[in-house]
Structure formats: C-alpha cells, structure tokens
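# Residue-level structural notes
Take a look at the letters that make up each chain.
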Amino acid sequence: MAEQEAAAQAQEPAAAPTPAPIPRYFRNDAEPGRRDPHKQLIASLNRLITEHPPHRVPPGGGIYYGPISVAYLFYTLHKHYPDLTLDEFPLNTWSAAYLEQAQTHMKDFSPPTAEKCGVYDDIMSLLALYAVTAKDTDVVKELCDFAAVTIEENASNEWLYGRSGYLYLLRLVRDAFPEDQEILDLIQDTADEVINNIMDSPRPWKWHNKAYVGAVHGAIGIITQVVLTDPSWAPKLEAELGALLSYQYDGGNFPSSLPPGRDRLVHFCHGAPGVLASLISIREYFPGLDDRIDEAVEKGRRCIWERGLLTKEPCLCHGISGNALALEGEQFDHFLTYTTGHEIKSMGKDGMLEESEDPAALWCGEAGRAWVWAVADKGLKKRFLGYNDI
C-alpha cells in the first residue's frame, strides 16, 4: 500500500513554486530625470475619467478614497485650471458628477461615530464639500452639529478616523466663507471644542491601543491639524513636538509607533515622508524648534531618496507620489518620473508593482497622482490635498 501511495504521489504534478515577495522599494540608481508635468497631468485626468468614470467608483471612503475624494480633486483643480476641459466639460462639472455618485448612496452611509469622525467619514465629508460648492450655510451648521460626536470620551484623535480629521473639514469650510462672520464664529467655536477635547486626551495619543507617530494615525498628524486650525495652540504643543523629533532614527526615518521597533516603512502614513511634510507646513509656528526641524527634514530626505521608490502603486498615502511631495527640486522631479502611466505599466510587467485596491482614489490611486502632477505643473506648495493644503 505504501508503494502504491508513493507511486501515485510521484505521478502528481509538482506544486508551483511560491513567487518571491515584491520588495518594499527598488534602488534609486538611475540618472535624475524629468517629465512634462502639464502633459502628465492631462494624461492622468483622462485616465481617471475614462477608467474610473463617476458611476463606476464604489461609494465610501470620505475624502480619502471613493467618489467624494475624486470630486474634491476636481473641485480643487478647477480653481487652478478654470478653463481646462475634459471631454468638453470643465473640471467643476466633473466634480459635481462624482459628488452626485456619492449623494445617491447617502442613505447607505452610516452616521458619524466617535470611532469614525475624520476625513474617512462619508457624511461629514459630503456635507463639507457640498457646503463649499453650493455656499450653503445651513449645511455648514449641519456639519458643525456633528461636534457632538467628537466629545464622546472614546472618540479617536487621529486624522483618518478621528477628531483631527474633523478639524480639516472645518478648515475646508472656513476657507470658503471668508466674509461671513456668523459662520466663521460658528466654525471657530466648533473647532475650539474639538481641540480642547484633543488636548484633554491622555498622552500618548493612541489609536487601536498603539501610540502611533505618523501623519495618518499618529501624533504628528494630530499636532499638524490642531496647529493649522488654530496656531495659538503651538506653544502648548512645542514640548510634544520636540519629543517626537527625538524619535527619528539615525538613518532619517521615523518609527511607525512607540516604543520604536524595526525601521521598515518609508510612507506618508508611517514614516519620514508624512512627518517631514507635516513639519514643513507647521515649522513657522515653532520658532524655538526651527533648527531641529531643519535637521530632521534634511536627514529624512536622505532616507526618502534612498528608500522611497516604493513598489506599491504610486499614490499619496503609501507610494512614490506621496514620497515625492517630501522632496524638492531635482529629486522631486525625478521621483515623479516613476508615476507616469507608462512607468506603472512597466513596473507591472516586471513584477515590481503591488496594485492599489482603490485605483481611482485621491489617497490610494490616480486622483492623487494627478494632484502631484498639478503641484509640479503650477509650482504649488508641496502639500497633501485633504491634509495640510489648507
């Protein structure tokens, strides 16, 4: 019997070998290059509306991914390219089309909760974007009413799901009503309440019981949203920011969480790119730390230049596009050469691409790539749309 089993097994085809895992990044050893940013922006936007038209983008994700995130891209780009058309429609028409896709599913969205009240929340993001596009003060008041959710004791503080993400949405709306003092006062009162709750939270701030450091879930993201919303809080946060700077590894990266573990991730969400982007946007409010911030940025950029050409599909959150925004000059231009449609296809053919699960998204896909090309084309400040652009 044993001989028969052995013979049967011998006739079975050998199992296919397990493919080798894709490395996190590839070597940055090519000569620095540059692509025409305007040409690449148009190509990216055309791919977006062709491969991911409004009716085919699944609802959900707030301004992080999904149709609201794409609508927010087109809303913002229309301000910089008022005469640009795609398939003969201006960019604000495309924004409305993606926003309508989200609105048709509004009844399916769960209401904001203490655990989901940041930029990921659909209802809050939809209200914010509708308020600024329609200039509707009643919708602003509806958005501010959700502050009641954020005062719950178990509310998260980070940007993606928490209170500090709500602060970004309040800034977005505030920016659209510069002459309406009643609305400005309402937004300020709401922001004050949210910030007080953040500042009264136990330290270190935690998400899912871990003390994260980075921009999406961690301390630098919280500090950045508080200070950009109300710079008067900066002196009370200087000691915490100083402590955060001390966590930087000798190689220039930052740990994902505390206590520091293995130096692995060079992403916006976890690592130097998000910390650097945050530091650059709040540096002016921390004059006592400017030398330490400059040193951290210099060290961090060396790390990104060496380890930042990621094999994840280029995007803002965990890809080359986001890493590029933490760089300057020739290095910024060079990283963008790896985010063209042709280069992404080449990476896929070479087995060096981890495809995005949200290929249209602002933070995980094509919409984010388009944003960075627009930054390059217009010479805008290197900011992350939905995080520190306002």
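Computed from a predicted model, the values in this text were never measured in an experiment.

Thresholds, definitions, all that
- Residues numbered from 1 in each chain as written.
- Predicted model: local features only at pLDDT ≥ 70, side-chain atom pairs only at ≥ 80, totals over all residues.
- Heavy atoms only, no water.
- Phe/Tyr/Trp six-rings, centres within 6.5 Å; stacked < 30°, edge-to-face > 60°.
- Helix = DSSP H or I, 4+ residues; strand = E, 2+ residues; numbered from the N terminus.
- Buried < 20%, exposed > 50% of the residue type's maximum accessible area, 1.4 Å probe, protein only.
- Lys NZ or Arg CZ within 6 Å of the ring centre and 35° of its normal.
- Core = buried A, V, L, I, M, F, W, Y, C linked by side-chain atoms within 4.5 Å.
- Contact = heavy atoms within 4.5 Å.
- UniProt positions renumbered as here; feature names shortened; annotations may be inferred.

Applying the stated rule across the entire model yields 19 aromatic pairs. Ring centres of Tyr-65 and Tyr-120 lie 5.7 Å apart, and the angle between their planes is 75 degrees; on these two criteria the pair is classed as edge-to-face. One end of the pair, Tyr-65, is in the loop between α2 (37–51) and α3 (67–80); the other, Tyr-120, is in the loop between α4 (91–103) and α5 (122–134), and 55 residues separate them in sequence. Aromatic side chains Trp-363 and Phe-384 sit 5.7 Å apart centroid to centroid with 20 degrees between the ring planes, which places their arrangement in the stacked category. Taken together, the residues Trp-363 in the loop between α16 (341–349) and α17 (366–378) and Phe-384 in the segment after α17 connect sequence positions 21 residues apart. Judged by relative accessible area, Phe-384 falls into the buried class, the value being 0%. Following the ring pairs from residue to residue traces out a cluster consisting of Tyr-64, Tyr-65, Tyr-120, Trp-159, Tyr-161, Trp-207, Tyr-212, Phe-268, Trp-363, Phe-384 and Tyr-387. Lying across the ring of Trp-233, Lys-236 places its NZ or CZ 5.2 Å from the centre.

This part takes up the nonpolar core. In this structure, Leu-73, Phe-74, Phe-286 and Trp-363 are the most contacted members of the largest nonpolar core, which totals 126 residues. Apart from the residues within four sequence positions on either side, Trp-363 is in contact with Ile-63, Tyr-64, Trp-159, Phe-268, Cys-315, Leu-316, Cys-317, Phe-384, Leu-385, Gly-386 and Tyr-387.

Right, let's get into the UniProt feature "binding site: Zn(2+)" (unreviewed entry) in the chain. What UniProt calls "binding site: Zn(2+)" (unreviewed entry) maps, in this numbering, to Cys-269, Cys-317 and His-318. For the residues just named, distributed over 50 residues, the greatest C-alpha separation is only 6.4 Å, placing them together at one site. For Cys-269, a relative accessible area of 7% translates into the label buried. With residues up to four places along the chain from it excluded, the contact list for Cys-269 reads Gly-214, Ala-215, Val-216, Cys-317 and His-318. Its location among the elements puts Cys-317 in the loop between α13 (290–307) and α14 (320–324). A residue is classified by how much of its surface remains accessible, and Cys-317, at 2% relative accessible area, is buried. In contact with Cys-317, not counting residues within four places along its chain, are Tyr-64, Val-216, His-267, Phe-268, Cys-269 and Trp-363.

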